[in-house]
Every structure is written in C-alpha cells, then in structure tokens.
Amino acid sequence: MTITQLQYVLAVAEHKNFTLAAEKCFVTQPTLSMQIQKVEEELKIQIFDRTKKPIQLTEIGQKIVNQAKNIVNEADRMHDIVEQQKGFIGGEFRLGIIPTIMPTLLPMFLNNFIKKYPKVKLIIEELNTDEIIFKLKNGHLDAAIAATPLMEEKLKEIVLYYEPFVAYIPSEHQNSTKKEIEVDDLDLNEVLLLQDGHCFRDGILNLCKSESKNGFSHFQLESGSFETLIKLADEGLGITLLPYLHTLDLKESDKLKLKHFVKPKPAREVSLIFPKTELKIHVIDALRSTIASVIKGAIVFQDIEIISPLNKK
C-alpha cells in the first residue's frame, strides 16, 4: 500500500462520504474508491461499513485509521527533516487564530514575518477554540494561537504572552471614580459578554464566580464584537471587560473609561498550539520568535493571575 492510498482512507474516515473525500483529495470518486478497495483487499479486511449512511468505520477499520494517521505523519516528518537540514523555512503553513486575538495580534507580527520568511505561504483562519482543536487533531491546521491551557493530550502549547483583563466602565457607573477595581466589584448581570463559543467569555464567567448583586438584568446581550459591547456600555447598559491589547487602539476619550484591576491582575494565557508530532516545527519556531520580538514590552508580565478559558477554574 502507498502513502497516497492511506491519505484516501483518512479522507473518507473524516468526511464519511466517498464523493466528498474525493473532492478534497482532488481525484475522481471511482479512483479513490478503487484505491481504498485495493488496501482492503491487501489487508483482507473491510475498513468501512458502506451499508450505513453516513459511511462508518468498522471496528478493525478504526484501528487501521489510527495507524494510518501515524504513518502519514511520519512520512511528512521525513520532508521536515530534509528541509531543516537544508535550513529551508518555507512552504504552505496553516494557522488558526481565535477572534479575540486576531484583530490585535495579527497586525503586530504579520508584516515582520512575511518580510523575514518570504518563502512561507501563510494561510490564516479565524476560528473559535473548539474549531481549532478539531482542525489541529485532524491535520487541517499546522498551528494555532489561542487562550490556554486547553488540557489536550495530543497538543503542545508554548506560551507567547500573558494578557491582562481591563474593565471598560462609563463615567455614570458607580465604580467609575475608582482608580483601580477588584474582581469583587464586578456584578455579572452588568457585564456585557461576547457570544457563546468565545473563550474570552468563558474566562470572564470564571472570573465572575459570585452571584449577581443586583438581581436579574432587564435584557441579555451576547455579541461577537468588542466594539458593540463598548457602544452599549456608553449607552449606560452595563460595563464590559477587554483584553489589554484591544485597549491600545481605543480613542483617547475611551481610554479614560478603562479601569485596571488591583494586583494580582486577572489575565489570560495566550499560546502557540500545535500537534505533539511537531511537524513543520522550523516554521513554528520562526513564528514564535517573530511574535516574541514584537510583543516584548507591550505587556507587563508581573503580578497577574491566569484565568482559565475552560469552564472550570
């Protein structure tokens, strides 16, 4: 059997459909089906139960797919070894970034990276954390940038920086006169949140562990935009929390409404995440060093408390 045949098997296992798998592999459906049948004949087993819709793996088929992933990864590693030996940093590299990090961090490092490593073709996707984990595990991303720790056994995390939470409190609010605020000053019913699926939202929910102090809210809003939350806060509809890097681009008048937390400041851990197979590690290292060079000095790494993005402390 060949590496290409195993790649076809993995495609069908993922998409549970021969036609779709063929499209993803850029071959005709008959060609893909024939090659998979050859693998099954060689092994004298059935990898797929074709009587079910969608197509399912047989019990032995699941074991074959697990082994096929290892074989394909190791074949890819051979190319990595050769490229590293030659000192070559290039090729296609697929990077995922969560939405609350993409708008602020990407403009800080992208131009520097493409100038320093012009042979790397970066393909960047904005994805939520669950999508990133799925795509990393299934080989659709080479690396990602997200809030950590994720506690995923097959993924490795390298911390890039720690980013404090900052409160945005309009002048009419009772806490607007405070020089600094404490976590206990927060009332969850007053905090305007990002929509479900954002790990920054989960971090805030973990931060605001206490019950509401003022009863129920008259409305509930969950937005995907920090800008929307800021505008609603300015209308007197609550307060919001922002990641520190996002506050750097605010208007000077809006910066006056920012309140930093007393030490230790609540913060999120932002990491570069990639499979433990460490494929394309030479590009990952180049990406890490580039980000480290631009983020240095932008964030103070002292007196902080890391708030987990997971739904647990």
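Residues numbered from 1 in each chain as written. Predicted model: local features only at pLDDT ≥ 70, side-chain atom pairs only at ≥ 80, totals over all residues. Heavy atoms only, no water.

Just checking my understanding: could you explain the packing of helix α1 (residues 3–15) against helix α3 (residues 29–43) for this structure?
For any two helices packed against each other, the geometry comes down to the angle between their axes and how far apart the axes lie. At a minimum axis distance of 9 Å, the contact between α1 and α3 shows a crossing angle of 105°. As far as their axial angle goes, α3 and α1 are roughly perpendicular. In contact with Gln5, Tyr8, Val9 and Val12 of α1, α3 contributes Leu32, Gln35, Ile36, Lys38 and Val39. Of the residues that constitute the contact of α1 with α3, the class distribution is six nonpolar, two polar and one charged. (Axes fitted to C-alpha atoms, helices over the stretch in contact; angles between N-to-C directions. Helix = DSSP H or I, 4+ residues; strand = E, 2+ residues; numbered from the N terminus. Parallel < 35°, antiparallel > 145°, perpendicular 65-115°, else oblique. Contact = heavy atoms within 4.5 Å. Nonpolar A, V, L, I, M, F, W, Y, C, P; charged D, E, K, R; others polar.)

Any chance you could explain the packing of aromatic side chains here in plain terms?
Where two aromatic rings form a pair, the distance of their centres and the angle of their planes describe that pair. All chains considered together, the criterion is met by two aromatic pairs. Judged by centre distance (6.0 Å) and plane angle (75°), the ring pair of phenylalanine 18 and phenylalanine 48 falls under edge-to-face. Here phenylalanine 18, found in helix α2 (residues 18–25), pairs with phenylalanine 48, found in strand β1 (residues 48–49); they are 30 residues apart in sequence, far enough to count as distant. Summarising the burial analysis for this pair, phenylalanine 18 and phenylalanine 48 share the class buried. Between phenylalanine 113 and tyrosine 117 the ring centres are 5.1 Å apart and the planes differ by 45°, which places this aromatic pair in the tilted class. The exposure class of tyrosine 117 is buried, given its relative accessible area of 12%. (Phe/Tyr/Trp six-rings, centres within 6.5 Å; stacked < 30°, edge-to-face > 60°. Buried < 20%, exposed > 50% of the residue type's maximum accessible area, 1.4 Å probe, protein only.)

Please clarify how the environment of threonine 28 should be interpreted in this entry.
By the element assignment, threonine 28 lies in the loop between α2 and α3. When the C-alpha positions of threonine 28 and phenylalanine 134 are compared, they lie 26 Å apart, and in sequence the two are 106 residues distant. Separated by 2.7 Å, the side chains of threonine 28 and threonine 31 make a polar contact. (Polar contact = N/O pair within 3.5 Å; in protein donor to acceptor, adjacent residues only side chain to side chain.)

Please clarify how the nonpolar core should be interpreted in this entry.
The nonpolar side chains of a soluble globular protein tend to be buried with one another. Formed by 41 residues in total, the largest nonpolar core has its most connected members in Phe93, Leu95, Phe109, Phe113 and Ile145. Counting only elements with at least two residues in this core, the list comes to β3 (91–97), α5 (102–116), β4 (120–126), α6 (129–137), β5 (143–148), β6 (155–168), β12 (265–275) and α11 (281–295). Counting residues per element, this core draws most heavily on α11, at eight residues. Leave out the neighbours within four places in its chain, and leucine 95 touches Phe109, Ile123, Ile124, Glu125, Leu141, Ala143, Ala144, Ile145, Leu272 and Leu287. Ile181, Leu192, Cys208 and Ala233 belong to the second-largest nonpolar core, a separate cluster that totals 27 residues. (Core = buried A, V, L, I, M, F, W, Y, C linked by side-chain atoms within 4.5 Å.)

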